[in-house]
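For reference, the chains in residue letters:
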Amino acid sequence: MMLAGTVRAIHATADLLGDAEQRLPAVDPGATAFGARGLGLLGEVGQEAYRQWQAALNARAQEARAHAARVRDLADLVDRAAGRFTEAHHEAGQVHRDLTAGEPGVA
Amino acid sequence: MDALAQLAPVAAPLLRDVDTALLTLGAPPTHPVWRALGRVGATPADVVAFVADLEPARLRAAAEALRAQAAAYEQASLPLDAPWEGETARYYRVVAAAAQEHLAGDGPSLASRLREQASYVERWAEWQQGLRDSLARVLAQAMTSSQAVALRSQMVRPTEVDGLPAAVQAAADIAVALLGVAEDAAEAGRDVIRAASGLDELPYRENLPSDPFASSDTIRVD
């Protein structure tokens, strides 16, 4: 896989994580689904369950956000490597052209 | 439609009678219904209405969505090999492997955290269904019990006092049976809460070499 393909694949993973961060809150079925609006003892249990669920869902979104940033850093690393390669390639080409121009016997 | 969804509307008149009897006639002083009412904090009719409104399918749908997201993480693949050579490439391989492991590796990963949370919400769906089923069983027994007959007879002839003590006892008996289901379920629910694990944020364990761009490097692209 060439550098551009590597970068594309990394960005696809970063986008997947970014989308997950956006979509995860919509997975929440809401407090009522956990019975958190109920009266008395069962309502208290529902509230605790919902608090635990919400904290966990926030953790999942935070994990996705943080890892998307890490993966984007990885893409940046490859970009910088590609930049160095392009620069080195350009310099090598220039040296070659200079050498070629300085050799009168070469057609 | 489960048993409770079918029974709850049919049981509504009996439950109204139970609540009315408790409210207007009270209960025998030593009857366990007093303690049950204090602990549950709701009347039998309220408990049945609340449980009848629970929809475990909504929680199962959330579990399914989390598992789908976990599968998407597992299918994503970061290129682990660098198509160039040198220190930067070695650095890339280490970072990419760590990132892939964190995303969906064999150990704790973002994918496994999603699956654990899916299991957690599914346990609540099971808890809700268990509560519905238990309540339906007790409700069915109550509806066909001698206590139900005694209570209904008194409620349709409120001026006849002969049956009053039996009706008071009957309402308390039915109530304590229904409230007992709520108490047991609450205890089981607390167990689910206590047993929850793997829900906290997964820390990223970074053990990376130093930045390769700090030094010069030889680059060769395949």
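Everything numeric here is computed off the predicted structure, so don't read it as measured data.

As for the overall build of chain B
Part 1 of the reasoning: A tally of helices and strands in chain B yields eight helices and two strands.
Part 2 of the reasoning: Listing every helix and strand of chain B by position from the N terminus yields α-α-α-α-β-α-α-α-α-β.
Part 3 of the reasoning: Here chain B has a C-alpha radius of gyration of 30 Å; the compact-globule value for 222 residues is 17 Å, and the former is much larger.
Part 4 of the reasoning: Buried residues in chain B amount to 37% of all 222 residues.
Part 5 of the reasoning: Once local pairs closer than 6 in sequence are excluded, the contacts in chain B between residues at least 24 apart make up 82%.

Considerations on the overall build of chain A
Part 1 of the reasoning: Helices and strands together make up the secondary structure of chain A, namely two helices and zero strands.
Part 2 of the reasoning: A total of 107 residues make up chain A; the buried ones form 32% of that total.

Some remarks on the interface of chain A and chain B
Part 1 of the reasoning: Each partner contributes to the interface: chain A provides 42 residues, whereas chain B provides 51 residues.
Part 2 of the reasoning: Counting only elements with at least two residues in the side of chain A that touches chain B, the list comes to α1 (3-27) and α2 (40-101) of chain A.
Part 3 of the reasoning: Ranked by residue count, the leading element in the side of chain A that touches chain B is α2 of chain A, at 26 residues.
Part 4 of the reasoning: Here the side of chain A that touches chain B is built from residues that sort into 28 nonpolar, eight polar and six charged.

Topic: the environment of A21 of chain B
Residue and element names in this part refer to chain B.
Part 1 of the reasoning: Here A21 is to be found in helix α1 (residues 3-25).
Part 2 of the reasoning: The buried category is assigned to A21, around which 23 C-beta atoms lie within 10 Å.
Part 3 of the reasoning: The residues contacting A21, other than those within four sequence positions of it, are L151, A167, V168 and A171.

A word on α1 of chain B
Residue and element names in this part refer to chain B.
Part 1 of the reasoning: If you check α1, its first and last C-alpha atoms are 31 Å apart, about what 23 residues at 1.5 Å a residue would give, namely 33 Å.
Part 2 of the reasoning: Roughly 55° is the biggest bend found in α1, and it falls at A11, with proline P13 one to four residues downstream.
Part 3 of the reasoning: At its buried positions, α1 is contacted by α3 (44-53), α6 (110-143), α7 (146-156) and α8 (164-195).

Side note on α3 of chain B
Along an α-helix, residues three or four apart share an orientation, since each turn contains 3.6 residues.
Part 1 of the reasoning: Taking burial as the measure, the ten residues of α3 of chain B include seven buried ones, the bulk of the element.
Part 2 of the reasoning: When we look at burial in α3 of chain B, the residues that qualify are P44, A45, V47, V48, F50, V51 and A52 of chain B.

Notes on the environment of L37 of chain B
Residue and element names in this part refer to chain B.
Part 1 of the reasoning: With respect to the element layout, L37 can be found in helix α2 (residues 33-40).
Part 2 of the reasoning: Take L37: there are 20 C-beta atoms within 10 Å of it, and that puts it in the buried class.
Part 3 of the reasoning: Sequence separation between L37 and V176 is 139 residues, and the spatial gap between their C-alpha atoms is 8.0 Å.

So, the packing of α1 of chain B against α6 of chain B
Residues and elements named next belong to chain B.
Part 1 of the reasoning: Relative orientation of the contacting elements α1 and α6 amounts to 40°, with a least axis distance of 10 Å. With respect to each other, α1 and α6 are oriented oblique. Crossing handedness for the pair α1 and α6: left-handed. For the pair formed by α1 and α6, the contact residues are A3, L4, L7, A11 and L14 on the first element and R132, D133, L135, A136, L139, A140, A142 and M143 on the second.

What about the confidence of the model for chain B?
Part 1 of the reasoning: Confidence in the prediction of chain B, expressed as mean pLDDT, is 92, and 93% of residues score 70 or more.
Part 2 of the reasoning: Here the complex is predicted with pTM 0.86, and the ipTM for its interfaces comes to 0.88.

A look at the packing of helix α4 (residues 56-75) of chain B against α6 of chain B
All names here are of chain B.
Part 1 of the reasoning: For the pair α4 and α6, interaxial distance at closest approach is 8 Å and the crossing angle is 165°. Between α4 and α6, the angle is such that the two are roughly antiparallel. Every pair of crossing elements has a handedness; the one defined by α4 and α6 is left-handed. Contact residues: P56, L59, R60, A62, A63, L66, R67, Q69, A70, Y73 and E74 in α4; L110, A111, L114, R115, Q117, A118, V121, E122, W124, A125, Q128 and Q129 in α6.
Part 2 of the reasoning: Residue composition of the contact of α4 with α6, grouped by class: 14 nonpolar, four polar and five charged.

Side note on the environment of Y73 of chain B
All names here are of chain B.
Part 1 of the reasoning: Positionally, Y73 belongs in helix α4.
Part 2 of the reasoning: Each C-alpha atom of the pair Y73 and A166 lies 63 Å from the other, and the pair is 93 residues apart in sequence.
Part 3 of the reasoning: If near-sequence neighbours (up to four positions away) are discounted, Y73 is found in contact with L103, A104, L110, A111 and L114.

Side note on the nonpolar core
If you look at soluble globular proteins, the nonpolar side chains tend to sit buried side by side.
All names here are of chain B.
Part 1 of the reasoning: Residues V18, V48, A171 and L178 are the most contacted members of the largest nonpolar core, which totals 90 residues.
Part 2 of the reasoning: It is α6 that provides the largest number of residues to this core, a total of 14 residues.
Part 3 of the reasoning: Residue contacts for A171: discarding those within four places in its chain leaves V18, A21, L22 and L151.

Rules and cut-offs
- Residues numbered from 1 in each chain as written.
- Chains lettered and ligands numbered in written order.
- Predicted model: local features only at pLDDT ≥ 70, side-chain atom pairs only at ≥ 80, totals over all residues.
- Helix = DSSP H or I, 4+ residues; strand = E, 2+ residues; numbered from the N terminus.
- Rg over C-alpha atoms; globule rule 2.2 N^0.38 Å.
- Buried ≥ 20, exposed ≤ 12 C-beta atoms within 10 Å, placed from the backbone.
- Contact = placed C-beta atoms within 7 Å.
- Nonpolar A, V, L, I, M, F, W, Y, C, P; charged D, E, K, R; others polar.
- Expected span 1.5 Å × (residues − 1).
- Bend = angle between axes of the 7 residues up to and from the residue.
- Axes fitted to C-alpha atoms, helices over the stretch in contact; angles between N-to-C directions.
- Parallel < 35°, antiparallel > 145°, perpendicular 65-115°, else oblique.
- Left-handed = near helix turned anticlockwise from the far one by under 90°.
- pLDDT = per-residue confidence, 0-100.
- Core = buried A, V, L, I, M, F, W, Y, C linked by C-beta atoms within 7 Å.

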